[in-house]
Amino acid sequence: MRRRELLAGATGLAGAAALGLPARVSARTLSPVGGLDAVLYGAPPGAAPVALPALRAAVTKARACFQAARYDHLHRGLAGLLATAAATRDHADGPDAHIAGALLADAYITASHFMIKLNDDQLAWATADRAVQAAEAAGDPLVLADARRAVATVLRRTGRPGMARDLLLATAGQIEPGGDATAEQLSMYGTLLQVAAYTAAVDGDRHAAREYITEAKAAADRLGHDANHRFTAFGPTNVALYQVSIAQVLGDSGTAIEHAKALDPAAIPTAERRGRYWIDVARAYHQWGRPEACYKALRTAERAAPAEVRYRPPVHRMTEDLLRADNRNALPGLRAFAARVGVPA
């Protein structure tokens, strides 16, 4: 239901103006679920190429919207962005074709991340696969690494963590930074390793999770600061955030909270990651049997990134559990919170 509500207003190219692109198609010509299906499998009429600077600006804005957890803004232009980026790539030649292809891959990566937020693994898979195809044609190894990370995320979510881990590690090996590594290369390499660590934790492999997150930390220490190269939000703070997630998914609630307390949430570079941090804290308290602390963390997550809370299934499940357990109304405002995130009180 949340996916349908959010995508109901995603009117394809008619909504592309939300990301700075021209509107060329009537909303009535597109899929009622927002145009993504039509763009992926039907290519709505009217998509036209744009100048590369305009496309780059629109893709950058889309990725920034995702990182700011402005999902309501992102959904209005996402389908149109994909169609316009594809048309631009298809009409480009020479070096411009490689640039446009890399931008198309970035747009698909953003779409895949967004579909994961909406718990739509089918569309997440389709857009991640398209991202890999576009990145391979563009010949940019860091864009390809980012696209494969999106594929690995879907593999993990659909019950294939071993395959996901193999893909992440193979990709990391292909871009392993040498002595003259750029900040972008370090950031993408470290990002792949921390995602591999989380994937290993999901698979119950504590040793591998510890090994990979240690390697990611080494890359973050080498980078030396929190940054957002290639939209990775990678740095020492993000590695610490993943340590919270890893401990939580392994069932080590106390360790997760210890990691969380050692981390300054204000240092987390994006609203989306701040929301994830507080949701992970809530999940740790929830599995620890601490409803008051869980609810407090959820409320803090809502202040940090309202849309991150509104559309995440784990938040809905925790809220439902809190409602069932709160027989004496010991959690003030819980029912109003539940209504805001779409859980019947």
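All values derive from a computational prediction rather than experimental measurement.

Cut-offs and rules
- Residues numbered from 1 in each chain as written.
- Predicted model: local features only at pLDDT ≥ 70, side-chain atom pairs only at ≥ 80, totals over all residues.
- Heavy atoms only, no water.
- Helix = DSSP H or I, 4+ residues; strand = E, 2+ residues; numbered from the N terminus.
- Buried < 20%, exposed > 50% of the residue type's maximum accessible area, 1.4 Å probe, protein only.
- Contact = heavy atoms within 4.5 Å.
- Areas by Shrake-Rupley, 256 points an atom, 1.4 Å probe, with all protein chains shown as cover.
- Expected span 1.5 Å × (residues − 1).
- pLDDT = per-residue confidence, 0-100.
- Salt bridge = Lys/Arg side-chain N within 4 Å of Asp/Glu carboxyl O.
- Phe/Tyr/Trp six-rings, centres within 6.5 Å; stacked < 30°, edge-to-face > 60°.
- Axes fitted to C-alpha atoms, helices over the stretch in contact; angles between N-to-C directions.
- Parallel < 35°, antiparallel > 145°, perpendicular 65-115°, else oblique.
- Left-handed = near helix turned anticlockwise from the far one by under 90°.
- Nonpolar A, V, L, I, M, F, W, Y, C, P; charged D, E, K, R; others polar.

Below, the discussion takes up the overall build of the protein chain. A count of helical and extended segments in the protein chain gives 17 helices and zero strands. Taken across its 345 residues, the protein chain has 56% of its residues classed as buried. A sequence separation of at least 24 residues applies to 66% of the contacts in the protein chain between residues at least 6 apart. Roughly 14100 Å² of accessible area belongs to the protein chain as shown, and the carbon and sulfur atoms make up 51% of that amount.

The terminal C-alpha atoms of helix H11 (residues 236–249) lie 20 Å apart, and with 14 residues this matches the ideal 20 Å at 1.5 Å per residue to within 8%. A large share of H11 lies buried, amounting to 11 of its 14 residues. Buried residues of H11: Thr 237, Asn 238, Val 239, Ala 240, Leu 241, Tyr 242, Val 244, Ser 245, Ile 246, Ala 247 and Gln 248, and no others. Considering only its buried residues, H11 is in contact with helix H9 (183–202), helix H10 (206–223), helix H12 (253–261) and helix H13 (271–287).

Moving on: the confidence of the model for the protein chain. Low pLDDT marks stretches whose predicted atomic positions should not be read closely. Mean pLDDT for the protein chain: 90, with 89% of residues reaching 70 or above. A low-confidence stretch, residues 1–14 stays under pLDDT 50, and its non-local contacts, those more than four residues away or across chains, total 56 contacts. Across residues 24–33 the pLDDT falls below 50, and counting only partners more than four positions away or on other chains, this stretch makes 24 contacts in the model.

The end-to-end C-alpha distance of helix H5 (residues 95–117) is 34 Å, a good match for the 33 Å that 23 residues give at a rise of 1.5 Å each. Of all the 23 residues making up H5, 18 are buried; the element is thus mostly covered by neighbouring parts of the structure. Two residues or fewer past H5, Asn 119 is found with a positive phi of approximately 65°.

Under the defined criterion, the tally for this structure stands at 20 salt bridges. Between Lys 217 and Asp 221 there is a salt bridge, and its shortest N-O distance comes to 3.1 Å. Highlighted residues: Lys 217 and Asp 221, both in helix H10, separated by four residues, approximately one helical turn. Assessed through its relative accessible area of 41%, Lys 217 is described here as partly exposed. A relative accessible area of 44% means that Asp 221 is categorised as partly exposed. Residue Arg 273 is joined to Glu 272 by a salt bridge in which the shortest nitrogen-to-oxygen separation is 3.1 Å. Residues Arg 273 and Glu 272 agree in their burial class; the two are buried. Members of the salt-bridge network, linked through shared partners, are Lys 117, Glu 272, Arg 273, Arg 276, Glu 308 and Arg 312.

If you walk through the whole model with that rule in mind, you get five aromatic pairs. When the ring of Tyr 277 is compared with that of Trp 278, the centres are 4.9 Å apart and the planes differ by 75°; the resulting orientation is edge-to-face. Given a relative accessible area of 4%, Tyr 277 falls into the buried group. A ring pair is formed by Tyr 295 and Phe 337, whose centres lie 6.0 Å apart and whose planes are at 80°; its orientation type is edge-to-face. Placement of the pair is Tyr 295 in helix H14 (residues 291–304) and Phe 337 in helix H17 (residues 334–341), with a sequence separation of 42 residues. What makes Phe 337 buried here is its relative accessible area of 0%.

A separate point is the packing of helix H7 (residues 141–157) against helix H8 (residues 161–174). Packing of H7 against H8 brings their axes to within 8 Å, and their N-to-C directions diverge by 165°. By the criterion of interaxial angle, the relationship of H7 to H8 is roughly antiparallel. Crossing of H7 over H8 shows left-handed handedness. Taken together, the residues of H8 that come into contact with H7 (itself represented by Ala 145, Arg 148, Arg 149, Val 151, Ala 152, Leu 155 and Arg 156) are Pro 161, Met 163, Ala 164, Leu 167, Leu 168, Thr 171 and Gln 174. Residues that form the contact of H7 with H8 fall into these classes: nine nonpolar, two polar and three charged.

Attention shifts here to unusual backbone geometry. A positive phi angle, near 65°, is found at Asn 119, a position not held by glycine. Here Asn 119 shows up in the loop between H5 and helix H6 (121–138). Its identity is not glycine, yet Asn 329 carries a phi of approximately 55°, on the positive side. Inspection of the secondary structure puts Asn 329 in the loop between helix H16 (313–325) and H17.

With respect to the secondary-structure elements, Ala 282 resides in helix H13. Once the C-alpha coordinates of Ala 282 and Leu 298 are considered, the two residues, 16 residues apart in sequence, prove to be 5.9 Å apart. Setting aside anything within four residues of it in sequence, one finds Ala 282 in contact with Cys 294, Ala 297, Leu 298 and Met 318.

This part is about the packing of H14 against H17. One way to put it is that H14 packs onto H17 with a least axis distance of 12 Å and a crossing angle of 45°. Between H14 and H17, the interaxial angle falls into the category oblique. Remark: the crossing between H14 and H17 carries left-handed chirality. Between H14, through Tyr 295, Leu 298, Arg 299 and Glu 302, and H17, the contact on the second element is made entirely by Leu 334, Phe 337 and Arg 340. Among the residues making up the contact of H14 with H17, the classes are represented as four nonpolar, no polar and three charged.

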